[in-house]
Amino acid sequence: MITRTRLAAGACALLAALAAGMAFPAGAVAGEPTGEDAPKVDLVLDVSGSMRTRDIDGGTRMAAAKQAFNEVLDATPEEVQLGIRTLGADYPGDDRKTGCKDTAQLYPVGPLDRTEAKTAVATLSPTGWTPIGPALLKAADDLDGGNGSKRIVLISDGEDTCAPLDPCEVAREIAAKGIGLTIDTLGLVPNTKMRQQLSCIAEATGGTYTSVEHTDELTDKVNQLVDRAADPVVTPVAAEGADACAKAPTLKSGLYTDREEFGQQRWYRVDVEPGQELRASVSVGADRAVNPSYGVLLRAVTVHGREIVRGEATGNGRTDVLSTGLRYPKQESDEEDAPAEAVCLQVTNSFSAASGVKTTPGLPLELTVDVVDGPGDSDDVAAFGLGRGWWLLGLLVLVGFLAGLLWGWLSRWRFAIWRTN
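Described below are features of the structure shown in this document. All values derive from a computational prediction rather than experimental measurement. (Residues numbered from 1 in each chain as written. Predicted model: local features only at pLDDT ≥ 70, side-chain atom pairs only at ≥ 80, totals over all residues. Heavy atoms only, no water.)

## A few points about the nonpolar core
What counts is decided by this rule: Buried Ala, Val, Leu, Ile, Met, Phe, Trp, Tyr and Cys residues form a nonpolar core when they are joined through side-chain atoms within 4.5 Å. Buried, partly exposed and exposed residues are distinguished by accessible area as a fraction of the type maximum, computed with a 1.4 Å probe on protein chains only: under 20%, between the cut-offs, and over 50%, respectively. Strands here are runs of E lasting at least two residues and helices are runs of H or I lasting at least four, both read from the DSSP assignment and numbered beginning at the N terminus. Should any heavy atoms of two residues lie within 4.5 Å, those residues are counted as being in contact.
Judged by nonpolar contacts, the single largest core of 31 residues is most densely connected at Leu43, Leu45, Ile155, Leu186, Leu218, Val222 and Val226. Where this core is concerned, the elements lending two or more residues are strand S1 (40-46), helix H2 (61-75), strand S4 (81-87), helix H4 (114-122), strand S6 (150-156), strand S7 (181-188) and helix H8 (215-229). Take this core: its biggest share by element is seven residues, from H2. Leaving out residues up to four positions away in the same chain, Leu45 has contacts with Met51, Met62, Ala65, Phe69, Arg85, Thr86, Leu87, Leu124 and Ile155.

Rendered as structure tokens:
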């Protein structure tokens, strides 16, 4: 029994060690978090007249929002700079032009004074229009500056009433600026049209949409989004790809964002030294209605147009984002001062816009470029053409086989002893 226990313990320890090796393989990352500045969050609250409606836990929507805000302010991490902006809070009249300008900064984005912020929230009373588009533009200005994470949390109970300034188009314009700003939306007791509009706003910037029908749900979700803003992030750098390799901008390792028209090609260049490996991946998002059946192609080619390697992905309408990637290891050179090779990356998409959908601005594109030291000599398992995980898996199978043989031998030995006795 003691022998069996020790054998089992040894096998478990070995399995744990092998699993740890496969779960945490050594390797370089594409970029490091750049959130050196404090993360910023702007809570944008709809204070239009419809917030008087009493349909959330027996109270008004405004009362639920105030209670949630007070709890969120108490739980906001110290490192987060938080602000509050309102829409529809001040103008009670019928003049549409004036009502669509009704957005104000209730509490400026900065270090949080919880008492002052709560006092400001307590003064709110449901009043006027629902200018979501103008409020988002102003909120983006509230968060301007710095390289930390930036997040807008929009809480509304109705559709925008200030078209033709479409809030979904406003969100796309904000995303096109490449400032790394995310918009999350929460709909209070939503209907179909409001759900579609708030979902579109969130998707345009990579944010989330959540429908809320209870006060505790609203509190939990806003707390979650504020906490998420404090997580380290890699801020994408805006890059403008060219229509040909010869005109393409040269990129270094990092995360980049761009816009690509339907069916358009975007070109970028990366310098790869002998002995280095280029790893690149691209994601293209469908931030508006597109026809089903589409694809994304990422190619690495020489400056003379010869294809080196490619990565591709296809979709059938079930996902809003398509991603693919490639790897290109450049061999070592016998020359001491061998020049770097200019590798051109071509990104092509086959998305097509649905009927009546605007084609501008282009689809959001996110490109990751990572140039790392390539595989070494034969002591590097990658040099054999197999990843480290395959070797560990083979070792695990061998250990399991030997353990099975040992277990069978011990069982037969114990049975023989029993028969002899």
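The rest of the description comes next.
## As for the environment of Glu332
Here Glu332 is to be found in the loop between strand S16 (321-329) and strand S17 (341-349). With a relative accessible area of 64%, Glu332 lands in the exposed category. With 58 residues separating them along the chain, Glu332 and Pro274 place their C-alpha atoms 4.8 Å apart. Look past the residues within four positions of Glu332 in its chain and what remains in contact with it is Pro274 and Gly275.

## Description of the sheet that holds strand S10 (residues 250-251)
Hydrogen bonding along the main chain pairs the strands of a sheet, whether they run parallel or antiparallel. Threshold: At least two bridges found by DSSP between two strands is the condition for calling them paired.
Reading across the sheet, the five strands line up as S10-S12-S17-S14-S15 and stay open at both edges, with mixed pairing between neighbours. Looking along the sheet, the strands with just one partner apiece sit at the ends: S10 and strand S15 (307-315). Where S10 and strand S12 (residues 265-272) come together, two bridges link them in parallel fashion. Of the residues in S12, the one forming a bridge with Thr250 is Arg269.

## Section: the pattern of salt bridges
Our working rule: For salt bridges, the criterion is a side-chain nitrogen of Lys or Arg within 4 Å of an Asp or Glu carboxyl oxygen.
Throughout the structure, instances matching the rule amount to 15 salt bridges. Between Asp157 and Arg61 there is a salt bridge, with the nearest N and O atoms lying 2.8 Å from each other. Within this pair, whereas Asp157 is found in the loop between S6 and helix H6 (167-176), its partner Arg61 is found in helix H2, the two being separated by 96 residues in sequence. Judged on exposure class, the residue Asp157 and its partner Arg61 are both buried. Ionic pairing is found between Lys247 and Asp243, a salt bridge with its closest N-O pair at 3.8 Å. According to the relative accessible area criterion, Lys247 is exposed, its value standing at 61%. By relative accessible area, Asp243 is classed as exposed at 54%. One salt-bridge network, held together by shared partners, links Arg299, Glu307, Arg310 and Glu312.

## Here we look at the pairing of S6
Buried residues dominate S6, accounting for seven of its seven residues. Across the two faces of S6 the burial is the same, with Lys150, Ile152, Leu154 and Ser156 and Arg151, Val153 and Ile155 all buried. Strand direction decides the pairing type here: S1 and S6, joined by six bridges, are parallel. Of the residues in S6, the one forming a bridge with Leu45 is Ile155.

## A few points about a negative patch on the surface
Test applied: Only residues whose relative accessible area exceeds 30% and that form no salt bridge enter a patch; like-charged residues are grouped when within 9 Å of one another, and nonpolar side chains (Val, Leu, Ile, Met, Phe, Trp, Tyr) when within 5 Å. Per-residue and other accessible areas were derived by the Shrake-Rupley procedure at a 1.4 Å probe size, with only the shown protein chains allowed to occlude residues. Only four residue types enter the tally: Lys and Arg on the positive side, Asp and Glu on the negative side; His and the chain ends are excluded. Taken as the charge centre is NZ of Lys, CZ of Arg, CG of Asp or CD of Glu, depending on the residue.
Side chains of Asp57, Glu71, Glu213, Asp216, Glu217 and Asp220 sit close together on the surface and give a patch of like negative charge. Among the elements that take part in the negative patch, H8 stands out by supplying three residues, more than any other. Looking at the element boundaries, Asp216 is found in helix H8. Look at Asp216 and you get partly exposed, because its relative accessible area is 49%.

## As for the side chain of Thr257
To keep things clear, this is the line we draw: We call two N or O atoms a polar contact when they sit within 3.5 Å, provided that within protein one can donate a hydrogen and the other can accept it, with sequence-adjacent residues counted only if both atoms are side-chain atoms.
Checked against the element boundaries, Thr257 lands in strand S11 (residues 254-260). Of the residues examined, Thr257 reaches a relative accessible area of 17% and is grouped as buried. There is a polar contact of 3.4 Å between the side chain of Thr257 and the backbone oxygen of Leu365.

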